[in-house]
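Working through the structure, step by step
Here's the letter readout for the chains.
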Amino acid sequence: MRNLICLNQDWRFTREDAGLPKALPSDWERVDLPHTWNAVDGHDGNGGYARIKGWYARSFRTPVQPLAKGRVYVEIPAAGQQASVYVNGTEVIYHEGGYSNFRADITDLCKPDEDNLLVIACSNENKSNVYPQAADFTFYGGLYRGVRLISVPDTHFDLDYLGGPGLKVTPRPCESGGATFEMTSWITNGDENFTVLYSVKDAEGKEVASACRPFDQTTVTVYVPDAVKWDIDNPYLYTVTAILQRRNEAYDEISARVGVRSFSCDPEKGFILNGKEVPLRGVSRHQDRLYKGNALSREDHYEDARLIKELGANTIRLAHYQHSQDFYDACDELGFIIWAEIPFISVMNQDPAAHQNCISQMKELIIQNYNHPSICFWGISNEILIGGISDQLVENHKELNALCKELDDTRLTTIAHVSMTPINGPMHGITDVESYNNYFGWYGGKMEDNGPWLDNFHKIHPEICIGVSEYGCEGIITYHGPNPACKDYSEEYQALYHEHLAKVFDERPWIWSSHVWNMFDFGCAARDEGGVAGRNNKGLITMDRKTKKDSYYVYQAYWSKKPMLHLAGKRYAQRAGETTEIRVYSNQPTVALYLNGELVEEKSADKVFVFQAALKAGFNIVTAVAGDLKDSMTLEKVEKEPSIYVLPEVNERAEGVANWFNLVGDLDLKAPMEFPEGKYSIHDTMEEIAKSPEALKVMTDAIKITMNMKLEPGVGMWDMMKSMTPEKMVGMAGSMAPEGFLESVNAKLILVDKL
Ligand code: ADA
């Protein structure tokens, strides 16, 4: 029988590119898996993170199969980002892509009854054909999902095909109320003595259907009468087991948990699950955690899934790469509709080898995850027009879409467009459904632009199922104030923004899905924003999973079916002013607010209850009550609010904008755009502009002032931005760029000779 041997303990590791050792190196650091060398520098804000080749080594004994002719595989559920695996000095596999499972048959290299040496060289150095290339997250290196051996008899269920499970199950509900389960398994080294016994068990473990097939004709469909559907509120799972049988002996056994559900999308009705319209409302998730990076335990994954369930979300976009099997398992069990995707992101590399990498990551994603009932969508790319469009790019998308369909005709394909993707153009109609990453109210535009933008798109494209794959803004729980504003990074602005957006989506059930960017703050070593370098702070929860920001409760009020009540502003604990605003989030119809035991007001509202309270000097007890629900906080009235409540840059930026206009004071901001020969202009890419220090300075100053971003060639977000023109950037920045801004930038650029 199959034997799984965990190899997570007692590895030796070095950050030096030490080369292949002949024996277990005693001077390397001792580590256990899961492990990443970027657990700290991946998001500690001290500049870059180690992008190196690290070496892992460990000895192991060959597992003994009772049958003389067994096979041994090494299985690596993920290695960031490229890896070579060696057994006793010989390379057994090289794998590119940091998020998918891969295996190698190592039998012939293993020595029985003595120590064997397993070495894995793992690299997160940039390799131009491997995605992700440029993106807003840390590409952690290491063996962050552990390693194991699989020992099987000579004849076994397939372990060689793209890291997949060797078993494919497609349950389909029937009109009659029952369901068919189409099952296929693949057998290595079979002969006519072998048969496959399939068994379908219900959630209680009772067998409800079975079938028996010869080893070389393994596809079969069984019927389960009165099948229970897998649904968001009742994620009912069946277990399908395949046993490879030879006479009275079971040689190998594999199983998969599956669910019976039907789904579709409609441009008017949105998402439909088991015949019922269910607008998908939820979050995106990056996997990493504070000072653990992506080296996570099964419990870490389950905790994330539970936090998202508590929020009341029914969908998760698993950005921007294949996540752990543990997380997909949790989603199957807890009832989420999942968008799974590959890291084809930001900028397309024209090299055909890079396209091949997309294809192989997509194949692995689908083959390895086909059986998970939670997954309904395969995402083919994210914000790919940042790097510009080309015929080849459109062609590659069509190919990727066709590949998804060829490997899996039961699911829908999707795409996350960058906001500036034209509403009409060749990027539309490639995938079954589409989504936009819209940051109106953060990077550009006003939060109020979101609804009208969607209505306009829907009007122009009544045939497209449209969703919002990303929207969000930074919220840092130190920053507070009575007048929250875009780009102040305050917890209050983030909550206000999400109050608005939650309503926008609530009012538009035809939006097939919306995904908050992001459920958790996550590591992006290149970032330096809001006084918290190294991270993207758009999470509803902090990266250590310790603090739920107020915006978390906005969504809980909208989405959770459990009665809830939350007093916002608890961390805005010291307040000045005659009166202060108190916001309460609740899914109850009426909320009463008490100040120091006295009723301030009782009011009815929809999810967001706003009160004014006049605090007395010193400490005040504020209590909100809705039926049996109560929440309370203590606020202190102060003369002046603490200075740490305001990010210093917020003031600097306001001054900066003024300065910019002073600097260009002699220019006519309304002047027609001119593009003289041999001069730089807003039509040049940042990469071209960067050739001239003078032109580059114009741009870096302008970007710092408007978008509050530091831009420096080769550093941080540069890779993502370098192929953009100032014109495109301002398109993204929207109303954050003051009127006349583009004209004034151009006017400065055209003074500089092209180099
Ligand atoms: C893009 C990108 C994300 C994300 C976001 C942001 O939309 O798809 O990876 O990080 O930007 O926060 O700016």
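A quick note: this is a predicted structure, and the numbers were derived from the prediction, not measured.

**Things to note about the overall build of the chain**
Tallying secondary structure elements over the chain gives 13 helices and 40 strands in all. Taking 2.2 N^0.38 as the reference for a compact globule, 755 residues should give roughly 27 Å; the C-alpha atoms of the chain span a radius of gyration of 28 Å, in line with that estimate. Considering only C-alpha atoms, the chain reaches an extent of 85 × 70 × 55 Å along its principal axes. Here the chain, with 755 residues, has 60% of them falling under the buried criterion. Contacts spanning at least 24 positions in sequence make up 70% of the contacts within the chain whose residues lie at least 6 apart. Distance from the positive charge centre (75 side chains) to the negative charge centre (106 side chains) of the chain: 3 Å.

**Examining the packing of aromatic side chains**
According to the stated counting rule, one finds 31 aromatic pairs in the structure shown. Ring plane angle 10° and centroid distance 4.3 Å describe the contact between Tyr99 and Tyr321, whose orientation is recorded as stacked. One end of the pair, Tyr99, is in the loop between strand E7 (90-96) and strand E8 (102-105); the other, Tyr321, is in the loop between strand E24 (315-318) and helix H2 (325-334), and 222 residues separate them in sequence. Residue Tyr99 is classed as buried on the basis of its relative accessible area of 3%. Relative to Tyr645, the ring of Tyr572 lies with its centre 5.7 Å away and its plane at 75°, an arrangement referred to as edge-to-face. You can see Tyr572 sitting in the loop between strand E33 (565-567) and strand E34 (574-575) and its partner Tyr645 sitting in the loop between strand E40 (629-637) and helix H8 (648-663), a full 73 residues away along the chain. There is no split in this pair, since Tyr572 and Tyr645 are both buried. The rings of Trp442, Tyr471, Tyr489, Tyr493, Tyr497 and Phe505 are connected pair by pair, giving a single aromatic cluster.

**Re the sheet that holds strand E18 (residues 238-246)**
What the four strands build is an open sheet, ordered E16-E15-E18-E19; its pairing is antiparallel. Both outer strands of the open sheet, strand E16 (207-214) and strand E19 (249-258), are each paired with one neighbouring strand and no more. The mean angle between the axes of side-by-side strands here comes to 15°, regardless of whether they run parallel or antiparallel. Relative to E16, strand E15 (residues 194-201) runs antiparallel, the two being bridged by seven bridges. Residue pairing in the sheet places Tyr198 in a bridge with Ala211 of E16.

**As for the site of the ligand**
Taken together, 13 residues are adjacent to the ligand, and Asp136, Glu383, Tyr443, Glu470 and Lys538 come closest. Within the side chain of Tyr443, an N or O atom sits 2.3 Å from an oxygen atom of the ligand. At a separation of 3.2 Å, an oxygen atom of the ligand approaches a polar side-chain atom of Trp517. Residues of the shell around the ligand, tallied by class, amount to four nonpolar, four polar and five charged.

**Some remarks on the pairing of strand E25 (residues 337-341)**
For a regular strand, side chains alternate in direction, first toward one face of the sheet and then toward the other. Counting buried residues along E25, five of its five residues qualify, which places the element largely inside the surrounding structure. Along E25, one buried face is formed by Ile337, Trp339 and Glu341 and the opposite face, lined by Ile338 and Ala340, is buried too. Alignment of E24 against E25, held across four bridges, turns out to be parallel. Within E25, the residue paired with Arg317 across the bridge is Trp339. This β-α-β element, E24 to H2 to E25, shows right-handed connectivity.

**As for the sheet that holds strand E13 (residues 179-185)**
Taken together, three strands build an open sheet; the order of strands is E12-E13-E17 and the sheet is antiparallel. In the strand order of this sheet, the two ends are held by strand E12 (167-173) and strand E17 (220-224), each with one partner. Put simply, the sheet's adjacent strands are angled 20° from each other on average, direction ignored. As paired elements, E12 and E13 share seven bridges and run antiparallel to each other. Each residue of the ladder has a partner; that of Val169, found in E13, is Met183.

**Considerations on the side chain of Arg583**
On the secondary structure map, Arg583 appears in strand E35 (residues 580-586). Look at Arg583 and you get buried, because its relative accessible area is 19%. A polar atom in the side chain of Arg583 sits 2.7 Å from the side chain of Glu499. For Arg583, the residues in contact, after removing those within four places along its chain, are Leu496, Glu499, His566, Leu567, Ala568, Val608, Phe609 and Val610.

**What about helix H5 (residues 450-460)?**
For H5, the full list of buried residues reads Asn450, Gly451, Trp453, Leu454, Phe457 and His458. The buried side chains of H5 occupy one side of the element, clustering within an arc of 165° when seen end-on. On its buried face, H5 is in contact with strand E28 (434-437), strand E29 (466-470) and helix H6 (491-506).

Conventions we followed
- Residues numbered from 1 in each chain as written.
- Predicted model: local features only at pLDDT ≥ 70, side-chain atom pairs only at ≥ 80, totals over all residues.
- Heavy atoms only, no water.
- Helix = DSSP H or I, 4+ residues; strand = E, 2+ residues; numbered from the N terminus.
- Rg over C-alpha atoms; globule rule 2.2 N^0.38 Å.
- Buried < 20%, exposed > 50% of the residue type's maximum accessible area, 1.4 Å probe, protein only.
- Contact = heavy atoms within 4.5 Å.
- Lys, Arg positive; Asp, Glu negative; His and termini not counted.
- Charge placed at Lys NZ, Arg CZ, Asp CG, Glu CD.
- Phe/Tyr/Trp six-rings, centres within 6.5 Å; stacked < 30°, edge-to-face > 60°.
- Pairing = 2+ DSSP bridges.
- Axes fitted to C-alpha atoms, helices over the stretch in contact; angles between N-to-C directions.
- Near = heavy atom within 4 Å.
- Polar contact = N/O pair within 3.5 Å; in protein donor to acceptor, adjacent residues only side chain to side chain.
- Nonpolar A, V, L, I, M, F, W, Y, C, P; charged D, E, K, R; others polar.
- Right-handed = clockwise from strand over helix to strand, strands pointing away.
- Arc of directions from axis to C-beta.

Scope: geometric values only; no functional claims are made or implied.
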